[in-house]
Amino acid sequence: VQLLESGGGLVQPGGSLRLSCAASEFTFSYYIMKWYRQAPGKGRELVASITSNGGSTNYADSVKGRFTISRDNAKNTVHLQMKSLKPEDTAVYYCAAEFSLITYWGQGTQVTVSS
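A few points on the structure. (Residues numbered from 1 in each chain as written. Predicted model: local features only at pLDDT ≥ 70, side-chain atom pairs only at ≥ 80, totals over all residues. Heavy atoms only, no water.)

The next subject is the environment of Glu 45. For Glu 45, the position within the fold is in strand S5 (residues 44-50). Taking C-alpha positions, Glu 45 is 8.7 Å from Trp 35, a pair spaced 10 residues apart along the chain. Here Glu 45 is in contact with Trp 35, Tyr 36, Arg 37, Ala 60 and Ser 62, once residues within four sequence places are set aside. Within polar-contact distance, the side chain of Glu 45 engages the side chain of Ser 62 at 3.4 Å. (Helix = DSSP H or I, 4+ residues; strand = E, 2+ residues; numbered from the N terminus. Contact = heavy atoms within 4.5 Å. Polar contact = N/O pair within 3.5 Å; in protein donor to acceptor, adjacent residues only side chain to side chain.)

Right, here's the structure in full:
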């Protein structure tokens, strides 16, 4: 099982980034996909989630209207489009795949929002 995040980096406040998570070695289309983040000294926070067929999404209040989660089951990928980034969005972002009692995690990608 592998979840490989990419797309992180350094961006100025107000900028945009698109994170991607490529999944392999499991039946991706069965799984709810989520993006979490963890800022230094803080706990892991759920940012966004999307149902297995992509029909429903949910967002943390802190990112509503700025972040969009999407998935492509044909390509086994999930994305997080982030706009109007703020310094408080700085964190390591993780994708996670959840099905019943099973959760798979990626290794994380660093997002730094700073001028």
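On to the sheet that holds strand S8 (residues 77-82). Spatially, the 4 strands line up as an open sheet ordered S1-S3-S8-S7, and their pairing is antiparallel. Every interior strand has two partners, whereas the edge strands, strand S1 (2-6) and strand S7 (67-72), have only one. With strand direction ignored, the average angle separating the axes of adjacent strands in the sheet is 15 degrees. Pairing between S7 and S8: 6 bridges, direction antiparallel. Among the inter-strand pairings, Ile 69 is bridged to a residue of S8, identified as Leu 80. (Pairing = 2+ DSSP bridges. Axes fitted to C-alpha atoms, helices over the stretch in contact; angles between N-to-C directions.)

Scanning all chains against the criterion turns up 1 disulfide. A sulfur-sulfur distance of 2.0 Å marks the disulfide that ties Cys 21 to Cys 95. Of this pair, Cys 21 sits in strand S3 (residues 17-24) while Cys 95 sits in strand S9 (residues 91-99), and the two are 74 residues apart along the sequence. Judged by relative accessible area, which is 1%, Cys 21 ranks as buried. Exposure remark for Cys 95: the relative accessible area of 0% places this residue in the buried category. (Disulfide = S-S within 2.5 Å. Buried < 20%, exposed > 50% of the residue type's maximum accessible area, 1.4 Å probe, protein only.)

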